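# Architecture at a glance
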Amino acid sequence: MTGAAQAPAGPDGLPRCPWALSTPDYVAYHDEEWGRPVRGDDALFERLSLEAFQSGLSWITILRRRPGFRAAFAGFRIAAVAEFTDTDRERLLADTGIIRNRAKIDATLANARLLATWEPGALDALVWSYAPDPAGRPAPKALTDVPAVTPESTALSKDLKKRGVRFVGPTTAYALMQACGLVNDHLETCAMRSTP
């Protein structure tokens with residue numbers, strides 16, 4: 001048999017990507033955010049930081065703590081986080097509302113300090129310059145058709161690392177590309193595939 005398998009139905013009967021159906025938090029994230037274009041340096045800094053914190057953990061852990069992360073990291077405003085002091089670092093390491101991983105916290109602070117030196121819009125322009133041509137990407141028919149890494153995510157990771165950005169490997173870069181709408185990895189039969 002050829003063609004796409006029908007995506008499973010959500011609580012409202014609409015077909016969705018299977019990963020989105022395990023919790024109401026995932027349904028909302030899948031429907032309202034995942035795969036929709038995210039623009040702006042601060043917004044991309046937040047997503048880059050959260051994807052780094054997710055490394056080795058489930059995304060639901062990060063999603064449920066996102067309000068805590070936003071409060072702890074000044075709404076992920078690059079200019080504000082770049083001014084964090086050693087006292088702020090110690091506060092973050094003690095904050096039970098976030099993931100208290102020293103390496104990830106240090107990377108987030110270092111990335112903010114670095115990005116604060118870039119021209120406004122530079123992070124946005126750099127990240128989006130790696131968006132592949134959607135015409136060359138057929139809609140995935142099953143989760144097995146969705147890669148963890150692509151040539152574009154590998155190139156984005158290398159470029160960011162070359163510029164000094166920390167904690168952004170090819171898998172993290174691809175998760176960023178998926179979450180921020182650079183690619184559309186909603187399954188072919190998912191009701192959200194054609195939602196802008």
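Cut-offs used in this document
Residues numbered from 1 in each chain as written. Predicted model: local features only at pLDDT ≥ 70, side-chain atom pairs only at ≥ 80, totals over all residues. Heavy atoms only, no water. Core = buried A, V, L, I, M, F, W, Y, C linked by side-chain atoms within 4.5 Å. Buried < 20%, exposed > 50% of the residue type's maximum accessible area, 1.4 Å probe, protein only. Helix = DSSP H or I, 4+ residues; strand = E, 2+ residues; numbered from the N terminus. Contact = heavy atoms within 4.5 Å. Expected span 1.5 Å × (residues − 1). Polar contact = N/O pair within 3.5 Å; in protein donor to acceptor, adjacent residues only side chain to side chain. UniProt positions renumbered as here; feature names shortened; annotations may be inferred. Salt bridge = Lys/Arg side-chain N within 4 Å of Asp/Glu carboxyl O. Axes fitted to C-alpha atoms, helices over the stretch in contact; angles between N-to-C directions. Parallel < 35°, antiparallel > 145°, perpendicular 65-115°, else oblique. Left-handed = near helix turned anticlockwise from the far one by under 90°. Nonpolar A, V, L, I, M, F, W, Y, C, P; charged D, E, K, R; others polar.

A few words now on the nonpolar core. Counting 48 residues, the largest nonpolar core has F45, F69, F73, L92, L123 and L160 as its most contacted members. Looking at which element gives the most residues to this core, the answer is helix α3 (residues 59-72), with six residues. Setting aside residues no more than four positions away along its own chain, F73 makes contact with F53, V81, F84, L92, I98, T108 and L109.

Moving on: helix α6 (residues 102-115). The terminal C-alpha atoms of α6, which comprises 14 residues, lie 20 Å apart, in line with the 20 Å expected from a rise of 1.5 Å per residue. Along α6, the residues that are buried comprise K104, I105, A107, T108, L109, N111, A112 and L115. For α6, the N-terminal cap is N101; the gap from its side-chain oxygen to the backbone nitrogen of A103 is 3.0 Å.

Further remarks concern the UniProt feature "binding site: Zn(2+)" (unreviewed entry) in the chain. UniProt feature "binding site: Zn(2+)" (unreviewed entry): in the numbering of this structure it lies at C17, H30, H186 and C190. Taken together, the annotated residues stretch across 174 residues yet fold into one region, lying no more than 10.4 Å apart by C-alpha. For H30, a relative accessible area of 0% puts it in the buried group. H30 has contacts with R16, C17, W19, A20, H186, C190 and M192, leaving out every residue within four places of it along the chain.

Moving on, we get to the pattern of salt bridges. Tallied over the full model, the rule gives 13 salt bridges. With its nearest N and O atoms 3.0 Å apart, the salt bridge here joins E33 to R47. Taken together, the residues span a long stretch of sequence, with E33 in the loop between α1 (24-32) and α2 (41-54) and R47 in helix α2 at a distance of 14 residues. Exposure remark for R47: the relative accessible area of 8% places this residue in the buried category. Notably, a salt bridge pairs R89 with E90, separated by 3.2 Å at the nearest N-O pair. The class for E90 is partly exposed, based on a relative accessible area of 47%.

The phi dihedral of A74 is positive, around 50°, even though this residue is not glycine. Mapped onto the elements of the fold, A74 is located in the loop between α3 and α4 (78-82). We note that F167 has phi near 65°; this positive angle belongs to a residue other than glycine. Structurally, F167 can be placed in the loop between α8 (151-162) and α9 (170-179). Since its relative accessible area comes to 33%, F167 is described here as partly exposed.

This part is about the environment of V183. Structurally, the position occupied by V183 is in the segment after α9. Owing to a relative accessible area of 4%, V183 belongs among the buried residues under this scheme. With 76 residues separating them in the primary sequence, V183 and A107 have C-alpha atoms 25 Å apart. In this structure V183 touches G35, P132, R137, Y174, M177 and Q178, once residues within four positions along its chain are discounted.

Where α8 contacts α9, the axes come no closer than 8 Å and their chain directions differ by 110°. For the element pair α8 / α9, the angle class is roughly perpendicular. Crossing geometry of α8 relative to α9 is assigned as right-handed. Contact residues: α8 offers E152, S153, T154, L156 and S157, while α9 offers P170, A173, Y174, L176 and M177. Its residues assigned to classes, the contact of α8 with α9 shows six nonpolar, three polar and one charged.

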